[in-house]
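# Summary of structural features
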Amino acid sequence: MSQPLQISADTAIKLSKQLGIPIEHLMHMPKHILLQKLGELAKAEAQGSAATANPSEDEASGDKPV
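A short tour of the structure in this document, coming up. Keep in mind that what you see is a predicted model, and the values were worked out from it rather than measured. (Residues numbered from 1 in each chain as written. Predicted model: local features only at pLDDT ≥ 70, side-chain atom pairs only at ≥ 80, totals over all residues. Heavy atoms only, no water.)

What follows is about the environment of L19. Assignment of secondary structure puts L19 in helix α1 (residues 9–19). A residue is classified by how much of its surface remains accessible, and L19, at 18% relative accessible area, is buried. Taking the C-alpha atoms as reference, L19 lies 8.0 Å from L38; in sequence the two are 19 residues apart. Among residues more than four places away in sequence, those in contact with L19 are L26, L34, K37 and L41. (Helix = DSSP H or I, 4+ residues; strand = E, 2+ residues; numbered from the N terminus. Buried < 20%, exposed > 50% of the residue type's maximum accessible area, 1.4 Å probe, protein only. Contact = heavy atoms within 4.5 Å.)

Printed below as a string of structure tokens:
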């Protein structure tokens, strides 16, 4: 059986909230699964920030619906 992850309690709490999984599951999750989930989370955040960083053409042209 694998050892619990070597992360701090604060990091475990933050990751648990962001990934939506209980801390107990997080601490005993295999490292390769955790890295996969972190990659998915980073990808989702990058797509979300890209959408807010690139306004639509209507907003960019200054035309606003009345």
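Formed by L5, A12, L15, L19, I21, L26, M27, M29, L34 and L41, the largest nonpolar core amounts to 10 residues. When contributions to this core are tallied by element, the ones reaching two or more residues are α1, α2 (23–27) and α3 (31–53). Tallying contributions element by element places α1 first for this core, with three residues. Those residues within four positions of M29 in sequence are excluded, and the remaining contacts are L5, I21, L34 and K37. (Core = buried A, V, L, I, M, F, W, Y, C linked by side-chain atoms within 4.5 Å.)

Looking now at the side chain of S16. Position of S16 relative to the elements: it lies in helix α1. Residue classification places S16 among the buried residues on the basis of a relative accessible area of 11%. Each residue touching S16, except ones within four places of it in the same chain, is listed here: I21, P22, I23 and L26.

In this section: α1. The set of residues buried in α1 consists of A12, L15, S16 and L19. Considered in projection along α1, the buried side chains sweep an arc of 105° and stay on one side of the axis. In α1, the exposed positions angled more than 90 degrees off the buried face are occupied by D10, K14 and K17. Two residues or fewer past α1, G20 is found with a positive phi of approximately 70°. (Arc of directions from axis to C-beta.)

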